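# Chains, contacts and geometry: an overview
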Amino acid sequence: MGFFDGLWGGRDADFDSGSAATNSIELTKRHHQVSLTKQGAATGHLRVNLSWRMRTSDIGGFPRESLFRHPFKALKPAEIMGHGQSMVNVDLDLGCLYELMDGTKGVVQPLGGYFGDVNAAPYVKLSGDDRFGSASGETMYVNLDHREQIKRLLVFVYIYDQTPAFDRTHAIVTLYPSNGPRIEIHLDERHPQARSCAVVMIENVKGELVVRREVKFVYGFQAELDRLYGWGLQWGRGYKSTVDR
């Protein structure tokens, strides 16, 4: 994707409404933003969740076997690959670059133990580090009662110290506002060599909190995301301890 792909154009209702059955909004390339303020959801705790599962065994899609030769295949659900020893070990991590109105900048992420604080600056806190892709995934909380202090938040996902495997996973970042439908961003583009992805920007635009889909894959880590969005932080190599949670 080009750098200017996905920049929002200012239309008031530029988002997918989702369905009544799922009560969700899916941000897409075409409809890539939603206003939390206009939905009355710019207060309380915004929950941001990352979950993922392995793709089907055929990385290119579902097996295309003839139904005439295997007529009962149509009744069998697609087999999902588990996290076995034969699989690439994928450890997706959720993180957030933050910039506050007073100029303070930093990162919230499992790497280095920067879990943040929800009741004090940066008003963003990561609940823990899921290393195995459990059903609950990883969750981050943003305290929108301090929205006046927040300038912009870039939520990103990266693969920690393992083989790049975004093409082997189906990852979803879901935002749960205090009011209204949840907001889903699917990381379903195939970038097999990418190690990081800028997923969504939450930005304070003249007092209005806007959520904008980014989904920009990069081949490096946080430093490359930093350069792409002009954060200006200094980065060094970090490691996880065996007890980081």
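Let me sum up the structure you'll find in this document. (Residues numbered from 1 in each chain as written. Predicted model: local features only at pLDDT ≥ 70, side-chain atom pairs only at ≥ 80, totals over all residues. Heavy atoms only, no water.)

## Brief notes about unusual backbone geometry
Our working rule: Put simply, DSSP H or I for four residues or longer makes a helix, DSSP E for two residues or longer makes a strand, and each gets a number counted from the N terminus.
Omega for the bond connecting Ala121 with Pro122 falls within 30 degrees of zero, at 15°, which places this linkage in the cis form. Residue position: Pro122 is located in the loop between strand E6 (116-117) and strand E7 (124-126). The backbone of Tyr123 sits at a positive phi, close to 65°, despite the residue not being glycine. With respect to the helices and strands, the residue Tyr123 is situated in the loop between E6 and E7.

## Regarding helix H1 (residues 222-229)
Defined as follows: Exposure categories follow from relative accessible area, calculated using a 1.4 Å probe and restricted to protein chains: below 20% of the type maximum is buried, above 50% is exposed, and the middle band is partly exposed. The arc refers to the directions leading from the helix axis to the C-beta atoms. Note on definitions: a residue-residue contact is assigned when non-hydrogen atoms from the two residues lie within 4.5 Å.
All buried positions along H1 are accounted for by Gln222, Leu225, Asp226 and Tyr229. The buried residues of H1 occupy an angular sector of 105° when the element is viewed end-on, so they sit on one face. Its buried side turned inward, H1 meets strand E4 (92-100), strand E9 (150-159), strand E12 (196-205) and strand E13 (208-218). With its phi angle positive at about 65°, Gly230 sits one or two positions after the end of H1.

## So, the side chain of Arg212
The test is simple: Nitrogen and oxygen atoms within 3.5 Å of one another constitute a polar contact, given that in protein one can donate a hydrogen and the other can accept it, and given that sequence-neighbouring residues count only through two side-chain atoms.
Mapped onto the secondary structure, Arg212 falls in strand E13. Among the residues examined, Arg212 registers a relative accessible area of 6% and is labelled buried. A distance of 3.0 Å separates polar atoms of two side chains, one belonging to Arg212 and the other to Glu214.

## As for the sheet that holds E6
Stated precisely, the cut-off is as follows: We call two strands paired when DSSP finds no fewer than two bridges between them.
With respect to topology, seven strands assemble into an open sheet ordered E1-E11-E10-E3-E8-E7-E6, the strand pairing being mixed. Across the chains shown, the open sheet's two edge strands, defined by having one partner strand only, are strand E1 (24-26) and E6. Bridge count between strand E3 (residues 45-54) and strand E8 (residues 138-143): six bridges; the pairing is antiparallel. Directly across from Arg47, in E8, lies its bridge partner Tyr141.

## Remarks on the pairing of strand E5 (residues 105-108)
Summarising the sheet, E4 and E5 pair through four bridges and their orientation is antiparallel. Each residue of the ladder has a partner; that of Tyr98, found in E5, is Gly106. Between the antiparallel neighbours E4 and E5 lie four residues, among them Gly103 with a positive phi of about 95°.

## Re the nonpolar core
This is how the line gets drawn: Each nonpolar core is a collection of buried residues, namely Ala, Val, Leu, Ile, Met, Phe, Trp, Tyr and Cys, held together in the definition by side-chain atoms within 4.5 Å.
Counting 47 residues, the largest nonpolar core has Leu92, Val157, Leu175, Ile185 and Leu187 as its most contacted members. Within the second largest apolar cluster, 13 residues are counted, among which are Leu97, Phe156, Ala198 and Leu225.

## Observations concerning the packing of aromatic side chains
Aromatic ring pairs: the centre-centre distance and the angle between the two ring planes describe each pair. The condition is simple: Stacked, tilted and edge-to-face are the three classes assigned to paired rings of Phe, Tyr and Trp, where Trp is represented by its six-membered ring and a pair needs centres within 6.5 Å; plane angles under 30 degrees give stacked, over 60 edge-to-face, the rest tilted. A positively charged side chain is recorded as over a ring if its NZ (Lys) or CZ (Arg) lies within 6 Å of the ring centre. The angle to the ring normal must also be within 35 degrees.
Considering all chains together, one arrives at two aromatic pairs under this definition. Here Phe156 and Tyr158 contribute two aromatic rings whose centre-to-centre distance is 5.9 Å and whose plane-to-plane angle is 35°, an arrangement assigned as tilted. The same class applies to Phe156 and to Tyr158, which are both buried. Here Phe166 and Phe217 contribute two aromatic rings whose centre-to-centre distance is 5.2 Å and whose plane-to-plane angle is 80°, an arrangement assigned as edge-to-face. Separated by 51 residues along the polypeptide, Phe166 in the loop between E9 and strand E10 (169-176) and Phe217 in strand E13 bring together distant segments of the chain. Geometry around Tyr176 places Arg47 over its ring, the cationic atom sitting 4.0 Å from the centre. Here the basic side chain of Arg152 rests over the ring of Trp231, its NZ or CZ set 3.7 Å away from the ring centre.

## Description of the environment of Ser196
By the element assignment, Ser196 lies in strand E12. C-alpha separation for the pair Ser196 and Phe166, spaced 30 residues apart in sequence, amounts to 8.7 Å. In this structure, Ser196 is in contact with Val157, Tyr158, Phe166, Lys216, Phe217, Val218, Gly220, Phe221, Gln222 and Leu225, ignoring residues within four places of it in sequence. At a separation of 2.7 Å, a polar atom in the side chain of Ser196 contacts the main-chain carbonyl oxygen of Gly220.

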